[in-house]
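# Summary of the model geometry
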Amino acid sequence: MRLIRQMLILLGLGFMAVSATAAVGNPENGKEYKLLERPQSVESGKKIEVVEFFGYFCPHCNALEPLLAEWVKKQGDNIVFKRVHVNFHGLTSQQKLYYSLEAMGKIDEFHVKVFNAYHVDRNRLQTDADVMEFVTKSGIDKQKFLDVYNSFAIQSKVSRAAQLMTAFQIDSVPMIAVDGRYITAPAMAAVTMGRVTEQVQNQAVFPVLDWLLAKVQKEKSPTAVVTDSAKAVVKKK
């Protein structure tokens, strides 16, 4: 019975994933994604910049994290992936923790552990003392961490995060920006599906992201440029 139950669960998850993919096969601006009125500059070269706006305090970000990490890994060199830790509840300590780990080259090792500290171990990371409790338990060099945590560079990162939130019109998390122009989120991706589970919403966002990446790639391709130029010449004639 247990094996049958597990198989049914797997089949159900597979069905939800297929349903999510089918439902967002042709995303629309204003529904599954939003085109920013003022595009933001990107520094990703030929690659496409993808930015996740998130917060360690956010249960939805926590639920999305493993799926997003898997998707980013599949993209390989096609994208430049970045994160921006938002500050909705005065939790500057969480922002500084994220940017400190990032600056120390330890974010890959500790990113999920911070989520677990908040959502599993109930360390709310609301104060510097809470952050240092996490650092101590994690075996990170406390003095090196403090030097980074209290640095001007990290304060600048926090200030920059506020600017980016305004520029990208971030009013909830998780939200994901593509190429400095497009914004989507699990809730947006599933907007036409009615009432669905968070898991279905999370599955739905990846076809939208894939569609946006393909759209940007097409716009950036030399063929598209030549075609546009040719159309301009024909129009002049």
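Below you will find a few notes about this structure. (Residues numbered from 1 in each chain as written. Predicted model: local features only at pLDDT ≥ 70, side-chain atom pairs only at ≥ 80, totals over all residues. Heavy atoms only, no water.)

We now examine the overall build of the protein chain. Within the protein chain, the secondary structure is distributed over 10 helices and 5 strands. By the burial criterion, 39% of the 237 residues in the protein chain qualify as buried. Within the protein chain, contacts between residues separated by at least 24 positions form 75% of all contacts whose residues are at least 6 apart in sequence. For the protein chain, the exposed area adds up to about 13500 Å²; of that, 55% sits on carbon and sulfur atoms. (Helix = DSSP H or I, 4+ residues; strand = E, 2+ residues; numbered from the N terminus. Buried < 20%, exposed > 50% of the residue type's maximum accessible area, 1.4 Å probe, protein only. Contact = heavy atoms within 4.5 Å. Areas by Shrake-Rupley, 256 points an atom, 1.4 Å probe, with all protein chains shown as cover.)

You can see Val86 is positioned in the loop between strand 3 (79-85) and helix 3 (92-103). Among the residues examined, Val86 registers a relative accessible area of 0% and is labelled buried. When the C-alpha atoms of Val86 and Ile170 are compared, they prove to be 8.7 Å apart, with 84 residues separating the residues in sequence. Here Val86 is in contact with Phe53, Phe54, Phe57, Gln95, Met165, Ile170 and Val173, once residues within four sequence places are set aside.

The mixed open sheet is built from 5 strands, whose spatial order is 1-5-4-2-3. Only two strands of the sheet have a single neighbouring strand rather than two, namely strand 1 (34-35) and strand 3. Relative to strand 5 (residues 182-184), strand 1 is paired through 2 bridges, and the arrangement is antiparallel. Counted as the bridge partner of Leu35 is Tyr182 from strand 5. Lying over the sheet, helix 3 contacts strand 2 (48-54) and strand 3, oriented at roughly 150° with respect to strand 3. Relative to strand 5, helix 9 (residues 198-220) is tilted by about 170°, and along the sheet it contacts strand 2, strand 3, strand 4 (175-178) and strand 5. (Pairing = 2+ DSSP bridges. Axes fitted to C-alpha atoms, helices over the stretch in contact; angles between N-to-C directions.)

Our next topic: the pairing of strand 2. Two faces, one strand: in a regular strand the side chains alternate between the faces of the sheet. For strand 2, the buried fraction is high: 7 of the 7 residues fall into the buried class. Side chains of strand 2 alternate between two faces, with Ile48, Val50, Glu52 and Phe54 and Glu49, Val51 and Phe53 buried alike. Summarising the sheet, strand 2 and strand 3 pair through 7 bridges and their orientation is parallel. Considered in strand 3, the bridge of Glu52 is made with Arg83. In this fold, the crossover linking strand 2 to strand 3 by way of helix 2 (residues 59-75) has right-handed handedness. (Right-handed = clockwise from strand over helix to strand, strands pointing away.)

Once that is clear, we can look at helix 4 (residues 107-119). Here helix 4 spans 18 Å end to end across 13 residues, near enough to the 18 Å set by a 1.5 Å rise per residue. When helix 4 is considered as a whole, its buried residues turn out to be Ile107, Phe110, His111, Val114, Phe115, Ala117, Tyr118 and His119. Of the surrounding secondary structure, the elements contacted by the buried residues of helix 4 are strand 2, helix 2, strand 3, helix 3 and helix 5 (128-138). (Expected span 1.5 Å × (residues − 1).)

What follows concerns the layout of surface pockets. Computed from the structure, the largest pocket encloses a volume of approximately 430 Å³. Around the largest pocket sit 18 residues that line it, and Glu49, Lys82, Val84, Arg160 and Leu164 are the ones nearest its centre. Where the lining of the largest pocket is concerned, the elements lending two or more residues are strand 2, strand 3, helix 3 and helix 7 (152-167). With 6 residues, the top contributor of residues to the lining of the largest pocket is helix 7. (1 Å grid on protein atoms, 1.4 Å probe; cavity = no way out; pocket = protein on both sides within 12 Å on 5 of 7 lines; lining within 4 Å. Points joined across faces, edges and corners; volume = space filled by probe spheres on them.)

So, about the pattern of salt bridges. Taken as a whole, this structure holds 11 salt bridges when the rule is applied. The salt bridge partner of Glu65 is Arg83, with a shortest N-O separation of 3.8 Å. Note that Glu65 is positioned in helix 2 and Arg83 in strand 3, a separation of 18 residues in sequence. Taking the relative accessible area as the measure of exposure, Glu65 reaches 7% and is therefore buried. Residue classification places Arg83 among the buried residues on the basis of a relative accessible area of 16%. Notably, a salt bridge pairs Glu219 with Arg181, separated by 2.7 Å at the nearest N-O pair. You can see Glu219 sitting in helix 9 and its partner Arg181 sitting in the loop between strand 4 and strand 5, a full 38 residues away along the chain. On the basis of relative accessible area, Glu219 is assigned to the partly exposed category, the value being 34%. By sharing partners, the salt bridges in this structure join Asp179, Arg181, Lys215, Glu219 and Lys220 into a single network. (Salt bridge = Lys/Arg side-chain N within 4 Å of Asp/Glu carboxyl O.)

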